[in-house]
Amino acid sequence: MKRYLMMIRIVCLFVISGCDKNFEKINTNPVLPSSLDPAYLLAQAELNASWESGTLTYQSAIVQHTMHPFLGVLAGGNVNQKNPAVERQQWDQYYPLVRNVADIIGKTRNDSTRSNLYHMTRIWRAYLFQVLTDTYGDIPYTQAGVGFPASQYFPVYDPQQQIYNDLLREVTEAVKGLDPAKAMATNDLFYGGDIGKWKRLGNSLLLRIAMRLSKADAAKAQTYALQAFQGGVMTSNADNCVMPHSATYTNALGNQLNGAEKANYYLNQTFVNYLQRNNDPRLKAIAVIYGDATKDPAQTLQDKDPARQTGMPTGYDNTTIASAPGYPGSLYRYSQIDRLTLGNITAPCFHVTYAQTQLLLAEAAQRGWIAGDPAAFYRQGVSAHMQQLAAYGGTAAVPDDSINSYWATHSYDAARGLEQINTEYWVACLMNGTEAYANWRRTGFPVIPANTYATQDIPGGQSIRRLRYPDTEISLNTTHYREALSRQGPDELNVRMWWDVQ
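The rules behind each value
- Residues numbered from 1 in each chain as written.
- Predicted model: local features only at pLDDT ≥ 70, side-chain atom pairs only at ≥ 80, totals over all residues.
- Heavy atoms only, no water.
- Helix = DSSP H or I, 4+ residues; strand = E, 2+ residues; numbered from the N terminus.
- Rg over C-alpha atoms; globule rule 2.2 N^0.38 Å.
- Buried < 20%, exposed > 50% of the residue type's maximum accessible area, 1.4 Å probe, protein only.
- pLDDT = per-residue confidence, 0-100.
- Contact = heavy atoms within 4.5 Å.
- 1 Å grid on protein atoms, 1.4 Å probe; cavity = no way out; pocket = protein on both sides within 12 Å on 5 of 7 lines; lining within 4 Å.
- Points joined across faces, edges and corners; volume = space filled by probe spheres on them.
- Nonpolar A, V, L, I, M, F, W, Y, C, P; charged D, E, K, R; others polar.
- Pairing = 2+ DSSP bridges.
- Axes fitted to C-alpha atoms, helices over the stretch in contact; angles between N-to-C directions.
- Parallel < 35°, antiparallel > 145°, perpendicular 65-115°, else oblique.
- Left-handed = near helix turned anticlockwise from the far one by under 90°.
- Expected span 1.5 Å × (residues − 1).

### Quick look at the overall build of the chain
Thought 1: Within the chain, the secondary structure is distributed over 22 helices and nine strands.
Thought 2: Compactness check: the chain gives a C-alpha radius of gyration of 26 Å against a globular reference of 23 Å for 502 residues, within 12% of the reference.
Thought 3: With the principal axes as the frame, the chain shows a C-alpha extent of 100 × 55 × 45 Å.
Thought 4: Burial status across the chain gives 54% buried among its 502 residues.

Set out below in structure tokens:
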């Protein structure tokens, strides 16, 4: 027996010594990359930032670009209701991208050969964080995205005011640091590494960040708006920060508008009526009335006559919509977004545009913060958005003669300047619900009818001012979640954030 035990021990020793030999080589996958080129991480952070369908459910519905009368999984801004699964989508989409950009910054911060990639990433990081804080308020910022390298798994929530102050600093430094004489990051999906365009994007984003503070800190807003203007913002639609899509890399909004719920999303009455009253040529490019899907499944019947477009009013659901004034007799007789153009699965996604930038300059000039004629900025901004629609292809292009005819009967009224500018900003943000929603909360324009849908989630006469934090934050990051609420207020839809001043 002792002999057998001795033999077993000897065999074990051989096995153990054999396992130690070339252990690392044997247990390393020769085809699995152990690290990624930071340039590819930036491309991924650009590609995956395109808007998800949740922005149709909340932001676009709140600002009355769109309307969907059905409840259940589609309940949200259309009926002033909580929908945790949708409210968390922006958080779940953007924080993984924050992790990517944090990785890039960590790998390139001290690499002089990749300084342009470093500064481009800082600009894009600022964009991602502005969307996140504009959606939720106080959020993890300084400790976000470093869970693995810094073992920071439960990040603190930074106050929104501090976040905005740091975004201004970050973008200012990043724009200054970009150098066309240094190596370009050609994997960049927006501009192919073109440093001039990245500088103009950075200054245009700086202008957007600054103008968000127009009520919360007007002096700082003026200082940075002037800095952005003098530094050089976007000069044409060729500078637009836009993500193209294809049949392989599809547009998430297009997927939603062409999927199982395609017959349930409509253009809002407020939006359609505004364009109709102004004889705006964009209505023909955007809106369509489809044939009844029960009789024409492919919905080949399409009516794009602007005079016959009918927007769906807010305040109703599928069981009460028939009682709405002017009900056209069927849901299918309400206008929808053209699924062959703006609503296509291959439609581009616009993040920051020349049109938006010109309209923000018009507001800054109207306030006396920068030199220039607000009427000229206003006209250029509206025209630029009309021209931008051509990027959607098909019938979306607005002819030049239609644009010229529009200006023959429309003009800028300085007495109503802020309302005109920001109402047009709302139009120029169609398909970008997050930015339309943020600017509407900041300015109060356009003046849209109150959503009167009866709900227990929003007190009477109030509006949704933010989305709520994910349930996972409540259960896993409890201490810091509660700290945020102690500053900001209850985790409810009607609570205003720092810059959203009444």
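### Describing the confidence of the model for the chain
Close inspection of predicted coordinates is inappropriate for parts of the model with low pLDDT.
Thought 1: Averaged over every residue, the pLDDT of the chain is 92; the share at 70 or more is 92%.
Thought 2: Within the model, pLDDT remains below 50 along residues 1-5, and this stretch shows zero contacts once partners closer than five positions in the same chain are excluded.
Thought 3: Overall, residues 10-16 carries pLDDT values under 50, and its contacts beyond four positions in sequence, including any with other chains, amount to zero contacts.

### With respect to the layout of surface pockets
Thought 1: Of the volumes computed, that of the second largest pocket is approximately 390 Å³.
Thought 2: Forming the boundary of the second largest pocket are 23 residues, of which Tyr274, Arg277, Asn278, Glu419 and Thr423 lie nearest the centre.
Thought 3: Going through the elements one at a time, helix 14 (269-277) and helix 19 (417-428) are the ones with two or more residues in the lining of the second largest pocket.
Thought 4: Partitioned by chemical class, the residues of the lining of the second largest pocket number nine nonpolar, 10 polar and four charged.

### Structural notes on empty space enclosed by the protein
Thought 1: Under the counting rule described, the total for this entry stands at four cavities of 30 Å³ or more.
Thought 2: If you trace the largest cavity, you find 19 residues lining it, with Phe350, Tyr392, Leu430, Met431 and Asn432 closest to the centre.
Thought 3: Elements with a minimum of two residues in the lining of the largest cavity: strand 9 (349-352) and helix 17 (374-388).
Thought 4: Of the residues contributing to the lining of the largest cavity, the split by class is 13 nonpolar, six polar and no charged.
Thought 5: Estimated volume of the second largest cavity: approximately 100 Å³.
Thought 6: Together, 13 residues line the second largest cavity, and Val131, Asp134, Arg212, Thr434 and Glu435 are the ones closest to its centre.
Thought 7: When its residues are assigned to classes, the lining of the second largest cavity shows four nonpolar, four polar and five charged.

### Comments concerning unusual backbone geometry
Thought 1: Between Phe445 and Pro446 the backbone carries a cis peptide bond, its omega angle lying at 0°.
Thought 2: Topologically, Pro446 is positioned in the loop between helix 20 (433-443) and helix 21 (471-476).
Thought 3: With a phi angle near 65°, Gln64 is a residue other than glycine that sits in the positive phi range.
Thought 4: Phi is positive for Asn80, which is not a glycine, with a value near 55°.
Thought 5: Here Asn80 falls in the buried class, since its relative accessible area comes to 5%.

### Quick word on the pairing of strand 6 (residues 287-290)
Thought 1: Of the two faces of strand 6, the one carrying Ala287 and Ile289 and the one carrying Val288 and Tyr290 are both buried.
Thought 2: When strand 6 meets strand 7 (residues 302-303), the two strands line up antiparallel, connected through two bridges. By the bridge assignment, Tyr290 is partnered in strand 7 with Gln302.

### Focus: the packing of helix 11 (residues 195-211) against helix 12 (residues 218-231)
A pair of packed helices is captured by two measures, namely the crossing angle of their axes and the spacing between those axes.
Thought 1: Two numbers describe how helix 11 lies on helix 12: the axes approach to 8 Å, and their chain directions differ by 165°. In this view, helix 11 runs roughly antiparallel relative to helix 12, as classed from their interaxial angle. You can see that helix 11 and helix 12 cross each other, and the crossing is left-handed. Taken together, the residues of helix 12 that come into contact with helix 11 (itself represented by Asn203, Leu206, Leu207, Ala210 and Met211) are Ala221, Tyr224, Ala225, Gln227, Ala228 and Gly231.
Thought 2: Counted by class, the contact of helix 11 with helix 12 contains eight nonpolar, three polar and no charged residues.

### So, helix 16 (residues 354-366)
Thought 1: Taking 1.5 Å of rise per residue, the 13 residues of helix 16 would be expected to cover 18 Å, and the 18 Å separating its terminal C-alpha atoms lies within 8% of that figure.
Thought 2: With 12 of 13 residues buried, helix 16 lies mostly within the body of the structure.
Thought 3: Within the span of helix 16, buried status applies to Tyr354, Ala355, Gln356, Thr357, Gln358, Leu359, Leu360, Leu361, Ala362, Glu363, Ala364 and Ala365.

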